Amino acid sequence: MHPVRSVLLAASESRWMRTHAANLPVFRKAVRRFMPGEELEDALGAAEVLRQQDGIATIFTRLGENVRDVTEATAVASHYLDACDRIEQRGLDTQISVKPTQLGLDIDPARCRDAVLRLAERAERQHAMLWIDMEQHGYVDATLELYHAVLARHRNVGVCLQAYLYRTAADLQAIVAAGGGVRLVKGAYKEPATVAYPKKPDVDAAYLSLATTMIKAQTAGDGFRAVFGTHDQAIVAAIQAHARAAGVPPGRYEFAMLYGIQHGVQRRLARNGHRVRVLVSYGDHWFPWYMRRLAERPANVWFVARTLFAR
Ligand SMILES: Cc1cc2nc3c(=O)[nH]c(=O)nc-3n(C[C@H](O)[C@H](O)[C@H](O)COP(=O)(O)OP(=O)(O)OC[C@H]3O[C@@H](n4cnc5c(N)ncnc54)[C@H](O)[C@@H]3O)c2cc1C
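Report on the accompanying structure. (Residues numbered from 1 in each chain as written. Predicted model: local features only at pLDDT ≥ 70, side-chain atom pairs only at ≥ 80, totals over all residues.)

One closed barrel accounts for 8 strands, arranged β1-β2-β3-β4-β5-β6-β7-β8; its pairing is parallel. Across the sheet, the axes of successive neighbouring strands diverge by a mean angle of 25 degrees, strand direction being ignored. Examined bridge by bridge, strand β7 (residues 253-258) and strand β8 (residues 275-282) share 5 bridges and lie parallel to one another. The residue bridging Glu-254 from the neighbouring strand is Arg-275, located in β8. Set on the sheet, helix α7 (residues 140-151) makes contact with β3 (130-132) and β4 (157-162); between it and β4 the angle comes to about 160 degrees. (Pairing = 2+ DSSP bridges. Helix = DSSP H or I, 4+ residues; strand = E, 2+ residues; numbered from the N terminus. Axes fitted to C-alpha atoms, helices over the stretch in contact; angles between N-to-C directions. Contact = placed C-beta atoms within 7 Å.)

This is how it looks when you write it as structure tokens:
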């Protein structure tokens, strides 16, 4: 792993950094490149602009993870229920994506499952999908268990799978068989070589192979939803070519990208008739998430440095 990437991912897991560095004006200013603001209202405003200017739909996620307190986890669930109301009032095509550990997976898995069930039910009334993020590898079993439990009651739920994990091909097969939804990503955490491919070319190859399985599942037409969460243009082009060859029209699968990354590509895809969704993050617990964004492209560190020296 690139040494800068390794340092940034270590910083993302440091409580000390989260408490101290997150208050530095340089980070507060630089993070604005990836999030429109800390409030739900900021995300709603960004979603309206994306819809009006580019015809792009959105996904919201309130930043935060590893909540250690039941009251806090309950507040997060209530927040998302309120967010669904506000999305509906504004008539936005916006989905919600939740982190299980933010809904209390570490403290009380049953309570976390109840919260996700309530959110899936709320999303269903809005004819929207509810997405479950994937966190570090130690959470994969519990997250997939949660996902399958919710899928048994609500078909509008999807889960994120990470191409860098060796186990993902088997996890994907199980989900395809159950007829759910998958958002495929490369994976954002610092993982050991015992569980994840350490080299980027291997991750990219795994991503393409998993994407091929997902496109094949689309041809079966059994309700499986395929979402490709990537900014990698070579991979985007390969998926498009593969889908075309398999006779899967662009409207049957979706690309998802992060707010502030490859906006030109997002617009071009939407203009060319592809389904594109942009994940808009907000909230005040942004530090670990921001460090993972820097780690994805160590050149981003220069952007922080420029912010530091800009007048
Ligand atoms: C919608 C969505 C949801 C996600 N959910 C999860 C999740 O639940 N769990 C999880 O582990 N990960 C998640 N991720 C993050 C994902 O795992 C990757 O870390 C991230 O998407 C970068 O990988 P990439 O596929 O874009 O490819 P890369 O090979 O990393 O990047 C390809 C190109 O995209 C551009 N790019 C990528 N990242 C950045 C960046 N931060 N800043 C500037 N340019 C960049 C660069 O030009 C780069 O060359 C999500 C990503 C997306 C888009």
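Our next topic: helix α8 (residues 168-178). Buried within α8 we find Thr-168, Asp-171, Leu-172 and Ile-175. An end-on view of α8 places all buried positions within 100 degrees of arc, on one side of the element. Looking at α8, the residues exposed on the side facing more than 90 degrees away from the buried face are Ala-170, Gln-173, Ala-174 and Ala-177. (Buried ≥ 20, exposed ≤ 12 C-beta atoms within 10 Å, placed from the backbone. Arc of directions from axis to C-beta.)

Here we take up the pairing of strand β5 (residues 181-185). Across the 5 residues of β5, 4 count as buried, placing the element largely inside the fold. In the sheet, β4 pairs with β5 via 5 bridges, with the strands oriented parallel. Bridged to Gln-162 within β5 is Val-185. As a crossover connection, the stretch from β4 through α8 into β5 is right-handed. With 4 bridges connecting them, β5 and strand β6 (residues 225-229) associate as parallel partners. Note on β6: the bridge partner recorded for Gly-181 is Arg-225. (Right-handed = clockwise from strand over helix to strand, strands pointing away.)

In this structure, Leu-44 sits in helix α4 (residues 40-54). For Leu-44, a count of 21 C-beta atoms within 10 Å translates into the label buried. Leu-44 sits 70 residues away from Asp-114 along the chain, and the two C-alpha atoms are 26 Å apart. Dropping the residues within four chain positions of it, Leu-44 is found in contact with Arg-86 and Arg-90.

As a further point, take the site of the ligand. With respect to spatial proximity, 23 residues lie near the ligand, and among them Asp-133, Val-185, Gly-229, Thr-230 and His-231 are the closest. Put simply, the parts of the chain that give the shell around the ligand at least two residues each are β4, β7 and α12 (287-296). With 3 residues, the top contributor of residues to the shell around the ligand is β7. Residues that form the shell around the ligand fall into these classes: 10 nonpolar, 7 polar and 6 charged. (Near = placed C-beta within 6 Å. Nonpolar A, V, L, I, M, F, W, Y, C, P; charged D, E, K, R; others polar.)

Any functional reading would require information that these geometric values do not contain.
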